[in-house]
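Structure assessment
Chain by chain, the residues run as shown.
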Amino acid sequence: MADDLYYENLGALTLARNEFLNATLDRVFIFHPHYRRLFAEHGIGRSDIRGVDDLVRLPLTSKADYVGNPPAFTLALPDQYEAEERIVWDVMYTTGSTGDPTPFVSTSYDFLNILAINRNMLRLRGVTADDVIMNLFPLTRYPHGAFARAMNAAAVFSIPVVAALPGTASARHPALGHRMDEVCALVGRSTPTILWGVPSYMRKMLARAEELGVRLPSVRLVFVTGEGFGEEARVHLVDQLKRLGAPDPKISVSYGATEMQGGMVECVPGGGYHNPAPLQFYFEAVEPETHQPVADGEEGLIVLTHLDRRGTTMLRYALGDTARLSRSKCPHCGALTERLISVPVRRDGFVKIKGMLINPQALADVLAADGGIADFQAIVDNEVEGNALSMDRLRIRVSPRGEDLDGLRRRVADQVKATIGITPVVEIVAASDVSPDRNWKAKPLIDLRKQPK
Ligand SMILES: [Zn+2]
């Protein structure tokens, strides 16, 4: 088999993709609860879809379809299939429609594919056998791809990784995790060549490292994911690293999703976000209203099809963003795979805060259900006002009904953390101050963040 990233031509790649897609569809048509029902409703038979070019015949799947009934998206393969196709290796979670996170199930078969995805991500980003990774992702409340897959990526590339474990994972184990100054010291003495994490945390950590006099001359690559990241942010991060002694740091941005257990990555700064596994993922861009395919390089809703999965499996799944998609061979690295050649823009009402995708309606619902709250407003802004490069901050402004303000403050913080996984700043205000601008009231979450340029 050819190297999956570097097929000679689209015809050869399509043939290889169709083989994997057909094996997946043989299972989906019989054992996938959601698609069995959907295909029956639409009168779609197995013989209607013989390859990736036929996928346009299928209706789109939305995030709401998936989070509304996650078990219906996992193949229920019976015993006659190989154990590796059926045995669950791990379950990662993405945000749900209510407070409950949505499981994304991977079998042993899928886990090997995930290792292959992560290996290709490192290849595209120019990682070598001499690199050392510093994993700056925090432990999350529920299993989440970022922390775990950075560890897996290092393992499959056989290179060292140091987990910084920023923050406190749990009040039960206050010693698990590192405070900011400890992380800075760890980064300094581990001499990493690659820093990998969420950009806003990275900027904050590097600013503190500078104050502490930490030097990072070994850093040559920075992998960022999970937040909007523009050219201004890239220049700022490069400048920060140069001040810390890194001679020529390069920033590689990834567009990640739980549904990929990896991300679309840049081969060079500005080179576009590459589909890292063309034999596992097939991407399309469609017109957001009509769902008709758009021309190559035009802006459209980004749609993902799993060509080779056995656990949670999606066909024509709208990831919730629009971007421009190109199918031409990458002029920088020669990979023949889909690339997003513009920064993806969120379109489905979900919001990313501190790199975590959250559902604003779930947040509003839990606050509305609290009898101690007369009125409330949820705001996400920058920790340093008007500075797009500072950390995201979630503020919950509540006007109380009752006397126990400390109790209310604690309860709101706990409920919000339990619902969306993010600890908010809780502000007690008078009822008249909750929403001075009535136009905001209809929105479950007001986003005042300055967009990075
Ligand atoms: Zn490339």
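Residues numbered from 1 in each chain as written. Predicted model: local features only at pLDDT ≥ 70, side-chain atom pairs only at ≥ 80, totals over all residues. Heavy atoms only, no water.

**Observations concerning the coordination of the zinc ion**
For the zinc ion, every protein donor is listed as Cys267 (SG), His274 (NE2), Cys330 (SG) and Cys333 (SG), and the spread of their distances is 2.1 to 2.3 Å. Around the zinc ion, the four donor atoms are arranged such that angles at the metal cover 102 to 116°; this shape is classified as tetrahedral. Taking relative accessible area as the criterion, Cys267 reaches 14% and is therefore assigned buried. (Donors = N, O, S within 2.8 Å, 3.2 Å for Na, K, Ca; no water. Tetrahedral: all angles 85-135°; square planar, octahedral: opposite > 155°, others 65-115°. Buried < 20%, exposed > 50% of the residue type's maximum accessible area, 1.4 Å probe, protein only.)

**Description of the sheet that holds strand β17 (residues 373-382)**
With mixed pairing, the four strands of this open sheet are ordered in space as β19-β18-β17-β20. Looking at which strands have only one partner, the edges of the open sheet turn out to be β19 (425-428) and β20 (446-447). Strand contacts of helix α11 (residues 405-420): β17, β18 (392-400) and β19, with the helix running at about 135° to β18, the strand carrying the most contacts. (Pairing = 2+ DSSP bridges. Helix = DSSP H or I, 4+ residues; strand = E, 2+ residues; numbered from the N terminus. Contact = heavy atoms within 4.5 Å. Axes fitted to C-alpha atoms, helices over the stretch in contact; angles between N-to-C directions.)

**A word on the pattern of salt bridges**
A complete count under the given rule lists 29 salt bridges for this structure. The partner of Arg220 in a salt bridge is Asp131, and the shortest N-O contact between them spans 2.8 Å. Taken as a pair, Arg220 in the loop between α8 (199-212) and β6 (221-225) and Asp131 in the loop between α5 (108-124) and β3 (133-135) lie far apart in primary sequence, 89 residues in all. Overall, the relative accessible area of 31% leaves Arg220 in the partly exposed class. For Asp131, a relative accessible area of 1% gives the class buried. The salt bridge partner of Glu427 is Arg395, with a shortest N-O separation of 2.9 Å. (Salt bridge = Lys/Arg side-chain N within 4 Å of Asp/Glu carboxyl O.)

**Details of the packing of α8 against helix α9 (residues 231-243)**
In the contact formed by α8 and α9, the axes pass within 10 Å of each other and the chain directions differ by 25°. With respect to each other, α8 and α9 are oriented roughly parallel. Classified by chirality, the crossing of α9 by α8 is left-handed. Seen from α8, the contacting residues are Met202, Arg203, Leu206, Ala207 and Glu210; seen from α9, they are Ala233, His236, Leu237, Gln240, Leu241 and Arg243. Here the residues of the contact of α8 with α9 sort into six nonpolar, two polar and three charged. (Parallel < 35°, antiparallel > 145°, perpendicular 65-115°, else oblique. Left-handed = near helix turned anticlockwise from the far one by under 90°. Nonpolar A, V, L, I, M, F, W, Y, C, P; charged D, E, K, R; others polar.)

**Re the domain arrangement of the protein**
According to the domain assignment, the protein contains domain 1 (1-348) and domain 2 (359-447). In this structure, domain 1 and domain 2 have C-alpha centres spaced 30 Å apart. Across the contact, 14 residues belong to domain 1 and eleven residues belong to domain 2. In this assembly, domain 1 packs against domain 2 so that about 990 Å² is buried in total across both faces, 55% of it on carbon and sulfur atoms. Of all residues in domain 1, Arg141, Ser200 and Lys204 give up the largest surface area on contact with domain 2, accounting jointly for 38% of the area buried on that side. Run the count over domain 1 and domain 2 and you get one salt bridge. Linking Glu383 and Lys204 is a salt bridge whose minimum nitrogen-to-oxygen distance equals 3.0 Å. Where domain 1 meets domain 2, there are one residue pair in polar contact (both at pLDDT 80 or more). Mapped by element, the contributors of at least two residues to the side of domain 1 that touches domain 2 are α8 and α9. Sort the elements by how many residues they give to the side of domain 1 that touches domain 2 and α8 lands first, with four residues. In the side of domain 1 that touches domain 2, the residues fall into three nonpolar, seven polar and four charged. (Domains from an automatic or database assignment. Buried area = accessible area lost by both parts, 1.4 Å probe. Polar contact = N/O pair within 3.5 Å; in protein donor to acceptor, adjacent residues only side chain to side chain.)

**Observations concerning the nonpolar core**
By size, the foremost hydrophobic cluster in this structure holds 90 residues, and its most contacted members are Leu136 and Leu195. When sequence neighbours within four positions are dropped, the list of residues in contact with Leu195 reads Met134, Leu136, Val187, Met202, Leu206, Val219, Leu221, Val222, Phe223 and Leu241. Ile373, Val380, Val416 and Leu445 belong to the second largest nonpolar core, which has 22 residues in total. (Core = buried A, V, L, I, M, F, W, Y, C linked by side-chain atoms within 4.5 Å.)

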